[in-house]
Structure formats: C-alpha cells, structure tokens
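Summary of the model geometry
The residues making up each chain are set out below.
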Amino acid sequence: MQERFTLFSIGYLKKHEEEYSIIEILSKYEMACDGLREGMYIIVLCWFHMCDDKENRSLLMVHPMGDTKQPLKGVFATRSNSRPNPIGHYTVKIHKIEGNKIYIEKIDAYEGTPIIDIKPFLRQLDCPLSES
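This text gives an overview of the structure that appears in the document.

This part covers the nonpolar core. If you look at the biggest cluster of nonpolar residues, it comprises 21 residues, and the most contacted ones within it are Ile-23, Leu-36, Ile-42, Tyr-90, Ile-102 and Ile-118. Listed by contribution, the elements that provide at least two residues to this core are β2 (20–25), β3 (41–47), β6 (87–98), β7 (101–105) and β8 (114–120). Not counting chain neighbours up to four residues away, the residues in contact with Leu-36 comprise Ile-42, Ile-94, Ile-97, Ile-102 and Ile-118.

So, about the pattern of salt bridges. Applying the stated criterion across every chain yields a total of four salt bridges. Between Lys-101 and Glu-24 there is a salt bridge whose closest N-O contact spans 3.9 Å. Taken together, the residues span a long stretch of sequence, with Lys-101 in strand β7 and Glu-24 in strand β2 at a distance of 77 residues. Residue classification places Lys-101 among the partly exposed residues on the basis of a relative accessible area of 30%. Glu-24 gets classed as partly exposed once you look at its relative accessible area, which sits at 23%. Between Asp-52 and Arg-57 there is a salt bridge, with the nearest N and O atoms lying 2.6 Å from each other. According to the relative accessible area criterion, Asp-52 is partly exposed, its value standing at 36%.

Pairing within the closed barrel is antiparallel, and its six strands lie in the order β1-β2-β7-β6-β3-β8. Across the sheet, the mean angle separating the axes of adjacent strands is 50 degrees when strand polarity is ignored.

This paragraph deals with the side chain of Ser-82. In this structure, Ser-82 sits in the loop between β5 (73–74) and β6. The buried category is assigned to Ser-82, whose relative accessible area is 8%. Within the local environment of Ser-82, its side chain forms a polar contact with the side chain of Asn-56, the two groups lying 2.4 Å apart. When near neighbours in sequence (up to four residues on either side) are disregarded, Ser-82 contacts Asn-56, Leu-59 and Val-75.

Further remarks concern the environment of Asp-52. Counting through the fold element by element, Asp-52 comes out in the loop between β3 and α1 (54–58). Considering only alpha carbons, one finds Asp-52 and Ser-82, 30 residues apart in sequence, at a separation of 8.2 Å. Only 2.9 Å separates the side chain of Asp-52 from the side chain of Trp-47, close enough to count as a polar contact.

The rules behind each value
- Residues numbered from 1 in each chain as written.
- Predicted model: local features only at pLDDT ≥ 70, side-chain atom pairs only at ≥ 80, totals over all residues.
- Heavy atoms only, no water.
- Core = buried A, V, L, I, M, F, W, Y, C linked by side-chain atoms within 4.5 Å.
- Buried < 20%, exposed > 50% of the residue type's maximum accessible area, 1.4 Å probe, protein only.
- Helix = DSSP H or I, 4+ residues; strand = E, 2+ residues; numbered from the N terminus.
- Contact = heavy atoms within 4.5 Å.
- Salt bridge = Lys/Arg side-chain N within 4 Å of Asp/Glu carboxyl O.
- Pairing = 2+ DSSP bridges.
- Axes fitted to C-alpha atoms, helices over the stretch in contact; angles between N-to-C directions.
- Polar contact = N/O pair within 3.5 Å; in protein donor to acceptor, adjacent residues only side chain to side chain.

Below, the structure written as structure tokens:
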C-alpha cells in the first residue's frame, strides 16, 4: 500500500550571495529557529521541486554524478535528485542569522527551492562509525 503524506514548506532558498546561500524562514515558523546559532552545523532538508515529475520520480537507476562513463546504480546508492521522493539533504554551517534569514554555506539547490525541515547536526547520531 502506498501512503500519501503532506509536507509543508517552512521556508525557501531565497538567493545565493557570493559566499552564502540564504534560507528565508516563513514568519509562522520563526519561533522554531530559537536555539539555532552562528557557527552551528545543521541538516537542511528540501524538496527538489524542479525534479518533481513523473519521469524523475520513476527513475530507479542513474549514472552517479550524471557521468555516463560510470555504471548505473540504484538512486538510493547515489545523491541524485531524481528519486521517488525528491528530497534534498545538506549538512551546512550557519554563518549568520538575521531575523528570519539563515545564511549558510553555498548549496547547489535552485533559488526558490522549498525548505521542508532543519535539524541540528549531531556527530554521535549523524556520523556513526562505519567502514564506508
């Protein structure tokens, strides 16, 4: 059975400056940013809205990094934005916060990309020891 879920954008990637990308948090979610601080690493989850179509959602195998010289791999083994649910994941440092704007390291998402969640990066949870 395939379930449906409802996601809400909490903000948008507003623009890229020379050094930073800027997340603009919607006013109704501003209080949820209490506790975020400059210098902190966060995980930013976004919706790759430019890839949210039947074709991209049905791709299950891709060439890593779009390099056709590399063998096809399952999308779950890649960072491809073509996947059943086009969710982007970035771990970035907060450089500054001004009101509802969070200045982060530059990311490759397009301006206007919906931000669906922000979580603090916690080394013990997000970097478990592994061989890969």
